[in-house]
Every structure is written in C-alpha cells, then in structure tokens.
Protein chains: 2
Amino acid sequence: MLNLTSLNEQSLLPGTKGLALTAPLLQKDLGAQAWNVLNADTSFPVAVLKGSALQHNLQWMKAFCASRNIVLAPHGKTTMSPQLFDMQLRNGAWGMTLANVNQMRVAQRFGVKRVIIANQLVSKSDIHSALSLLAEDPEFIFYAICDSVVGVNMLADAVREAGLQRPLPLLVELGFAGGRTGCRSRQEALELARHIHRSPYLQLAGVEGYEGLLVGKNREQDLMQVKSFLQDMLALSQQADREQLFDLPEILISAGGSAYFDLVGEEFASKMKLSLPLLPILRSGCYVTHDHGFYHGLVEEMHGRVADLPAGGLRPALEVWSMVQSRPENDLAILTMGKRDASYDIDMPLPFATHRPGHASAPFALPAACKIEKMNDQHAYLRLPKDSGLCQTLAVGDLIACGISHPCTTFDKWPLMLVVDDTYRVQSAINTIF
Amino acid sequence: MLNLTSLNEQSLLPGTKGLALTAPLLQKDLGAQAWNVLNADTSFPVAVLKGSALQHNLQWMKAFCASRNIVLAPHGKTTMSPQLFDMQLRNGAWGMTLANVNQMRVAQRFGVKRVIIANQLVSKSDIHSALSLLAEDPEFIFYAICDSVVGVNMLADAVREAGLQRPLPLLVELGFAGGRTGCRSRQEALELARHIHRSPYLQLAGVEGYEGLLVGKNREQDLMQVKSFLQDMLALSQQADREQLFDLPEILISAGGSAYFDLVGEEFASKMKLSLPLLPILRSGCYVTHDHGFYHGLVEEMHGRVADLPAGGLRPALEVWSMVQSRPENDLAILTMGKRDASYDIDMPLPFATHRPGHASAPFALPAACKIEKMNDQHAYLRLPKDSGLCQTLAVGDLIACGISHPCTTFDKWPLMLVVDDTYRVQSAINTIF
C-alpha cells in the first residue's frame, strides 16, 4: 500500500547499528545473508522484531476493532516506521495518527493519505508546512486537534492566507483537570466547537481525548475515571450535535492509548441518539510490538476484566540482544547495551534469556531474579542472583536477551531493526525515521 | 581535516526534525535561508548549538591540555557528529575515543585515523569488522581496551585468523570494586598485561581507566577515590614497565571523563621514573557542548578547587527550544517537546528563557522556579510559579528555551542540530550518526 522502494533499495553502510558490515549492503539483500542472531552474526547490541508476534498483534487488533465496530488510526509516533505503517494500513487501519507536522510529512512521503495530528498546531512554520501538503496532494487529508481559541485562530488565519480551497477539519480536544492538553470542561470545549463551526476556513469534524495518562496506583479508580471521561466525550458530541455544529457527514470521536482500549470500545458503542453517524477511532500505537513490561501488565489486566477479547492476547515482539562484555565481579555482568539502545523511562530492560553462540541450539531462560540494575550511555549492569549457577557459568561473549518496557523510547534509538523468525534468523529489516 | 562533503551535499527532506521544510534543501544552503529561531522560522522543538560557545569550549580544552601536557582523544560517543569530530581534531585532538566498532566505522568513514575503543571487543562479527578496517586502511589505527583473558584471547585469535600484518595494540583496563568494567586489582591487570605482551598478535600499548563514575554524595570522598584510582593506574604502568611489558615506544595512560579532568591532568603529570615516555590521554567528551546541569555543576566545583584553569570556563552550547502548545491550567504550560527531544536521565530539561516571536528582540529570562515537571514522549509539563506574572502572560505560541543536563542523551535524539549565532540566526547544521 505504501511505497517502500526507497528503503528497500537503500545501501546500508558499515557502522549501521545492529549490523557488523564491512561493506555496503542493499537493505533488500539482508534476508539473503542467512544471518542468525543466535550465531552472533549481527553486531551487539541489536534490536529485533519477531515477525510472527508482529503479524499476530496486527491481526489481533484488527479482530478487536471489528468486534467493537470501531476503526483504528494507530499512533505512528510509537515506531515512526514506514514498514510498520504499511503493515498497519494493510491490516485495515483507517489512517495513521502522528504527533506533529514533521512526523506527518514522513508518513505522507511514503504514501499515507489520512492522518490525525494528535496535538494542537501552534508554530507558524509548521502550520505552513502542514497546509502546503494539502495543496500539493489532493488525496491527502489531516485532522488537527485543538484546545484553545488562540490555536484555532492561528489555523483559520493560516488557511485563509494559504488560499486553500478546502476548509481544515478539526477535532476539539477534551481534557481533564491535572491532565495534559485539552479543554478542562465540556462547556469550554463546546464554546471552542462553536468557534470552529463559525469559521469559513475550518470544519468541526469531531471530538478527541486521551485517557491513557490515567494510570495511577488504584486501578479501580483509574477505570472509573476513564469511563467517566469517555462518557464526557460522548456527552460533548451530543451537545455539539444538538447545536448542529458538526460540519462533516459523520462525527469523529477518538480516544485510546494502548492501556484501556477495551473501555474505549465499550463506551463508544453507546446507542446515544445523534443526527449523524458516529465514527469511533482508536489511536493505540504500542499494540503493534507490545512489550514485556508496562503494556504487558496493563493488557493482562484487560484480559482479567474483558471476557470476549480476541484469542491469544498481544505478544511482545521487540527484544534487544546484547553481549556480556565484562564479568568484573562474581555476580555482575556488564553488557554491551545502554541508554542509547533500550528504554529506561518506565522500567530498566527485562533480561529473559541467555545464549552462548555456537553452543545450545535454543536460548536458556534466565531466572527472574536476574535484573538490569542500571544503565550508562553504552553499558548495562546485569546483577546475577548470588546463589545461582550463572555466577559460575555466565561468560564474556555470552548473549543476553532483554524485553523492554514502553516500546516508544526504544524505537527512537534504532534507525534499523531486524525482523527475525522464531529461530532468530534475520528475514528483513524495518527503518525508523525520527 | 575530515571529509564532510557527503553531509554538506546531502538533501534534507521535509519531515527533518527541527526544520519546517516544504521541499528538499541542500544542507549547505541552510545558512543562506536567513532563518532565525526567535522568529519561529524553524520547526519546534529544535535543538541548537551556539557556535560561539562551541568555539570557546574547543579552545578552552585545548589550552587546558596544553597547560597539563596531556593530549586529548575526546569521546565521540557523546555527539557522534562528524562535524564536531572535525572541529575537535582541528583543535589539536590526538585522536577520537569511541564506544564500539560501529561508532568507529562511522568516524573512519569521514577520515578519523586514530581511535581508542573504550570497551572490550567481544563479538566475533564486530571484531572482524574492526580488523578489516586495519587491512583496508593502512593509515588507520585503533587501540582496544581489555579486562579479561577471554577477551584478549578472542582478539589474538581474530588477528591470527585475519592474517593481519600488524599486531593489535591494547590497553589494559583497571577498574575498581563496585565500578563498571576493568580488572578489580593491579595484580589481575598486571597478569593480563603479561598475557598480552606474550602474544605475537598483540601489543601492550598502555593502561586505561575511567574515574568518571565516582560521582557520589560526598565530593571530598569522591575526589580522594579518584586520586587514589589514578595513582593506581600509574603504579600499574610502573610495574608493567619494570617488567618491560610495553611493546611501543611510548606508554599510553588514559583516563578522564568530563567531571574530574583536572585531577587526571594533575596526577598524570607525576614525575614517576619510567623507561619510556608516558603519554597521558584525556577522553572527555561532554566538554564540547558542556551543559546547563550535571556537568555545569561538576565543572563549577572544579573552578573552586583549581586556580589555574583557562579563562572563561566552559559554556553550555546546547539548547532545546520548544513552543507552548497548550495552556490548560493557570500555572501549567504544555510544550511541544518530550522524551524524544531532550535528556531526562539525570535531570529534566532546565527552562531558562522565553520569547514571543515577532515581539521583543531578545528572550526574557525565566524565573528559576519555572520547572519542567515531567515529560511524555512528545510533551513537557512546564509548571509556572503560582504568584508569577507568567501565569497571566505566557501564551500558546510562545517559545521556551531549555538547557539540558547530560548532553549525550540529547544528541542521540537529533539527526540534525542547528548551529546558531548569538542572535539565534541559523548558520549551519551538524549531523549525528547513531
């Protein structure tokens, strides 16, 4: 669906993270090298995506959305990978969500045609760049989000100055006290909706919110707040509809990170009476690779509260493999991986397996008591349980596999990630463009 | 000195972080656009380097090294920027330090000829890639670090198998209990030195250590530990010299992050008797941009304990500018900047100035009580002092300038950073290759 030729045909240079190249290699020829991570054919650290888990997750989310009658505009900022965008769109995504104009520009370059920008556009130069895309590419459309009159006026002025032939569709953002962006009350949001509706340069397309920040210590309370927030969004849509403020043939309503998308599906299935069809749009981004930590825990909880999720659950697809570089103390291994290679913003990387290249055919599971204690820029400190045989056996040159917690902050550390099969044979690669 | 043509001639595409391009632009034409950050001509966030501060820091460190009679092999992992490597080498750097083989490959591609790899090489594929460089480029040399017989044997085997005509020079790493890599005792390090000296495929070139991790809560104690560690390195060199284990015409001794380089200069100026000349090599990386937080504090302390540092101190060169995207609550501004854009591993970004494009000609200083409270992937939460006029005046679309704490983890978030003059006019750009 997207045009990935420029990536497939590009020449990867020696020095590319994750590869141990001695000469340039066309990206499309990666699979033909028959490299295997377990044979240590790559460089270390290396970030790998398990192809089977990716495919499973794509189909799982497609099935989930179909069962809830919602569409998906996955947040592309998670991966910023044209190949993954392509897989998401081929699996039925309605469009892509992106965080800012430059991310949208990258997506559009590869052929994405429908985008939600999940943030209010406020920089004149960025707005100019965004609107010029609408002039250049008549098939391209984006929906921008706003939470203030100042922001809306900037957009209206820019559309007028650009002489655009089509009004710009906007989503009003509802927020909540103590949250991030978004109008702090329905009343404020409604006034903004009226303001948009009045402008000849703008169209009110719908309502947007982000409930994913409501992850506190008391999950029952979080869930209640999420539901109440989603209901507020519906009520706002109803009020704006009563005043006939929506300017398109359907009303967009969009929410959903990767933590509570079950509730988004549930609440937006409401049989509320509106004069126009309601199009609920989920924006989850992390589902595509899932993780071993933060989202793993949240989606496990979801399985606990929802009986009819698609089978198999989401599977962690992203792993970072590194090598034991030093064994300076009995229960300490220093790994060739650091803050430049794996997320550390929610949890340290989660070591789960070890392998000695050229020895056993499959990796051994590590005991749960093995922990990454800290990381420097280029090193990780793996603490071994004092009583474990690992203190004797783990050696310089052994491989360590880590899961990560929160995929977004690992993707931005890897311009190239290797797609592997279940035996860790390298099949292909994906690129990220940050 | 380095060949930067490929970077200058490259075409920057719309979507490039920090720029608001609507068409491709040759990198060398950036300066001719007459863009100014204060006019909001760029995209936001944007990372800028103040050219004057860069030049000052380069000359400051050159003067420091000259005054201490030490040479500099700045750690390139900080910036991974060929343009900054070039400036460092033009300012007299002896060579570059790099963290791993892929980083070394990048540096060599642009013409760097002498490298210290500050880590033990343990992956067969990476070692193969490193040695093949020696075969390809007869002017190229690298010094590798080792702390174990296993590691040394891997290198000896690889040199033999590669049929290299020149032995590989190694530095023995001394560490300390509770530290990172490195032999935990002088005795262990000495045995490793003997082992290297015996191999026909290897040369013992010197001794290496890294004192920069000794940043605890009691600075007096830190300083004593650093001195004692540096003295241990000297004693190790003396012991190895007595046994005539060094295989080159001079003995390399290398230490030095960016926290205690005064002590490295002081201790390595020792008049210890050796049979060969001693070449002290400092490896500081962060000095080139310095910062507003962590290193700022450490270098301030240095000025307190050393009278004869070069004039003017190091100056913070790296700033991240973002825009107020939302003002959802009286004392809260949400900025268009997040974990993808600025370091957060030691401190949150440090807001220091604000500017309204098109208004005052120079930015206003922000009160110290303005703090970035937290960041998400793409957002920062700026908390304003409740009693300040800012709560009334700070508006959507205003610019916020942040200093950062720990430059390394900001560099890896920006493929391109803009070099600006003191009025924030864009002069040129540097690239990073991670």
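Position labels on residues start from 1 in each chain and follow its written sequence. To label them, take the chains in the order written and letter them from A, then take the ligands in the order written and number them from 1. In keeping with the model being predicted, local features are shown solely for residues with a pLDDT of at least 70 and side-chain atom pairs are shown and tallied solely at 80 or more, while totals for entire chains, interfaces and linings include all residues. Water and hydrogen atoms were dropped before computing side-chain values, which therefore reflect all heavy atoms in the structure.

*Asks:* Residues and numbers for the overall build of chain A, please.
*Replies:* When its secondary structure is counted, chain A shows 12 helices and 20 strands. The globule rule used for comparison is 2.2 Å times the number of residues to the exponent 0.38, while the radius of gyration itself is calculated over C-alpha atoms. Against the compact-globule benchmark of 22 Å for 434 residues, chain A has a radius of gyration of 23 Å, which places it among compact chains. Judged by the C-alpha coordinates and their principal axes, chain A covers about 75 × 50 × 35 Å. Remark: exposure states derive from per-residue accessible area (1.4 Å probe, protein chains only) relative to the maximum for the residue type, with buried under 20%, exposed over 50%, and partly exposed in between. Of all 434 residues assigned to chain A, the portion counted as buried reaches 64%. It only takes one pair of heavy atoms within 4.5 Å for two residues to be counted as in contact. Long-range pairs, those at least 24 residues apart, make up 72% of the contacts in chain A between residues at least 6 apart in sequence. Numbered from the N terminus, helices here are DSSP runs of H or I no shorter than four residues, and strands are runs of E no shorter than two.

*Asks:* Go over the relation of the copies chain B and chain A with me, naming the residues and quoting the values.
*Replies:* In superposing the copies, a least-squares fit is computed on C-alpha atoms, taking residues whose pLDDT is at least 70 in both. Rotating chain B by 180 degrees and moving it 0.0 Å along the rotation axis overlays it on chain A with an RMSD of 0.0 Å. The symmetry that links the two subunits is that of a two-fold axis. Counting the interface residues of chain B, we find that 100% of their copies in chain A are interface residues as well, pointing to one common contact surface.

*Asks:* Talk me through the domain arrangement of chain A; I want residue IDs and the actual numbers.
*Replies:* Residues and elements named next belong to chain A. Parsing chain A into structural domains produces domain 1 (5-50 + 314-431) and domain 2 (75-284). Bear in mind that the domain bounds are from an automatic or database domain assignment. The C-alpha-based centres of domain 1 and domain 2 are spaced at 37 Å. Across the contact, 11 residues belong to domain 1 and 10 residues belong to domain 2. Summing both partners gives a buried area of about 730 Å² for domain 1 against domain 2, and 68% of it is carried by carbon and sulfur. Salt bridges are counted wherever a side-chain nitrogen of Lys or Arg sits within 4 Å of a carboxyl oxygen of Asp or Glu. Summed over the shared surface of domain 1 and domain 2, the result is 0 salt bridges. Among the secondary structure elements, those contributing two or more residues to the side of domain 1 that touches domain 2 are α1 (5-8), α12 (408-411) and β20 (426-431). Take the side of domain 1 that touches domain 2: its biggest share by element is 3 residues, from β20. Only Asp, Glu, Lys and Arg are considered charged, only Ala, Val, Leu, Ile, Met, Phe, Trp, Tyr, Cys and Pro nonpolar, and every remaining residue, Gly among them, polar. A breakdown of the residues in the side of domain 1 that touches domain 2 according to their chemical character gives 8 nonpolar, 3 polar and no charged. Buried area, as used here, totals the accessible surface that two parts lose on assembly, with accessibility defined by a 1.4 Å probe and the loss added over both.

*Asks:* Please provide a residue-by-residue account of the sheet that holds strand β4 (residues 71-72) of chain B, values included.
*Replies:* Residues and elements named next belong to chain B. The 8 strands lie next to each other as β4-β11-β10-β9-β8-β7-β6-β5, forming an open sheet whose pairing is parallel. Both edges of this open sheet fall to β4 and β5 (96-98), since each of them pairs with a single strand only. Strand pairing is assigned whenever DSSP identifies at least 2 bridges connecting the two strands. Bridge count for strand β6 (residues 114-117) against strand β7 (residues 141-146) is 4 bridges, and the pairing is parallel. Looking at the pairing, V115 lines up with F142 of β7.

*Asks:* A description of the environment of L192 of chain B should follow, citing residues and the corresponding values.
*Replies:* Along the chain, the position of L192 of chain B falls in helix α7 (residues 186-198). For the pair L192 of chain B and C146 of chain B, spaced 46 residues apart in sequence, the C-alpha to C-alpha distance is 8.6 Å.

*Asks:* Talk me through the pattern of salt bridges; I want residue IDs and the actual numbers.
*Replies:* Per the stated rule, a full pass over the model turns up 46 salt bridges over all chains. Through salt bridges with shared partners, a single ionic network connects D331, E373, R383 and K386 of chain A.

*Asks:* Explain the packing of aromatic side chains residue by residue, including any values.
*Replies:* Residue and element names in this part refer to chain A. Here a Phe, Tyr or Trp ring, Trp counted by its six-membered ring, pairs with any other such ring whose centre lies within 6.5 Å, and the pair is stacked when the planes are under 30 degrees apart, edge-to-face when over 60, and tilted otherwise. According to the stated counting rule, one finds 17 aromatic pairs over all chains in the structure shown. Arranged with centres 6.1 Å apart and planes meeting at 5 degrees, the rings of W60 and F64 form a pair that is stacked. A residue pair is termed a helical-turn pair when its members lie 3 or 4 positions apart in one helix, as W60 and F64 do in helix α2 (residues 51-68) at 4 residues. You can call W60 buried: its relative accessible area is 2%. Between F176 and F229 the ring centres are 5.1 Å apart and the planes differ by 80 degrees, which places this aromatic pair in the edge-to-face class. Here the residue F176 occupies a position in the loop between β8 (168-173) and α7 (186-198), and F229 occupies one in helix α8 (residues 219-242), the gap between them amounting to 53 residues. There is no split in this pair, since F176 and F229 are both buried. Grouped by ring-pair contacts, the aromatic residues W60, F64 and F261 constitute a single cluster. Any Lys NZ or Arg CZ found within 6 Å of a ring centre and within 35 degrees of that ring's normal is scored as a charge over the ring. Directly above the ring of W414 sits K17, whose terminal nitrogen or CZ lies 4.1 Å from the centroid.

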